[in-house]
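Residue-level structural notes
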Amino acid sequence: FSLVSKDLAEHIVGGLAVQVWDAFSVGETITLGNGLSGKVVSIGLVETEIESSNDVITKIPNSKIVNERVSNISRATKSQ
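Cut-offs used in this document
Residues numbered from 1 in each chain as written. Predicted model: local features only at pLDDT ≥ 70, side-chain atom pairs only at ≥ 80, totals over all residues. Heavy atoms only, no water. Helix = DSSP H or I, 4+ residues; strand = E, 2+ residues; numbered from the N terminus. Buried < 20%, exposed > 50% of the residue type's maximum accessible area, 1.4 Å probe, protein only. Salt bridge = Lys/Arg side-chain N within 4 Å of Asp/Glu carboxyl O. Contact = heavy atoms within 4.5 Å. Core = buried A, V, L, I, M, F, W, Y, C linked by side-chain atoms within 4.5 Å.

**Brief notes about the overall build of the protein**
The secondary structure content of the protein amounts to two helices and five strands. Ordered by position from N to C terminus, the α and β elements of the protein give α-β-β-β-β-α-β. Each of the three principal axes of the protein carries a C-alpha extent, and together these read 55 × 25 × 20 Å. Burial status across the protein gives 26% buried among its 80 residues.

**Overview of the pattern of salt bridges**
With the rule as written, the count across this model stands at four salt bridges. Here Arg 75 ties to Glu 28 by a salt bridge, and the two come within 3.0 Å at their closest N and O atoms. Here Arg 75, found in the segment after strand S5 (70–72), pairs with Glu 28, found in the loop between helix H1 (2–21) and strand S1 (29–32); they are 47 residues apart in sequence, far enough to count as distant. On the basis of relative accessibility, which here comes to 37%, the residue Arg 75 falls in the partly exposed class. Overall, Glu 28 belongs to the buried group, its relative accessible area being 15%. For Lys 59, the salt bridge goes to Glu 49, with nearest N and O atoms at 3.6 Å. Taken together, the residues Lys 59 in strand S4 (residues 57–61) and Glu 49 in strand S3 (residues 47–51) connect sequence positions 10 residues apart. Within this structure, Asp 22, Glu 28 and Arg 75 form a network of salt bridges that share partners.

**Some thoughts on the side chain of Ser 63**
Of note, Ser 63 is situated in helix H2 (residues 62–65). By relative accessible area, which is 12% here, Ser 63 ends up buried. The residues contacting Ser 63, other than those within four sequence positions of it, are Glu 10, His 11 and Gly 14.

**A word on the nonpolar core**
Listed in full, the 10 residues of the largest apolar core are Val 18, Ala 23, Phe 24, Ile 30, Leu 32, Val 40, Ile 50, Ile 60, Ile 65 and Val 70. For Val 18, the contacting residues outside a window of four places in its chain are Phe 24, Ile 43, Thr 48, Asn 62, Ile 65 and Val 66.

**Points about the side chain of Glu 49**
Under the relative-accessibility criterion, Glu 49 is labelled buried at 17%. Other than its neighbours up to four places away in sequence, Glu 49 contacts Lys 39, Val 40, Val 41, Ser 42, Ile 57, Thr 58 and Lys 59.

Dropping the structure here:
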């Protein structure tokens, strides 16, 4: 039981960190350091859902996202 509680606590803390961190918002396109790329569909307290270009939705625990490199493609500026 304590291991489950610890994992849940890590996911919730990760969820709060993702929301406070403001690295991405729903509707934006991001790429994670593990290579996953897509549009953010939802940001929950425990997990974030990302929809890939082939319409596959992947649920990622927020505790994993806070430890990944995140590139926000939607906020990137293009040099001219």
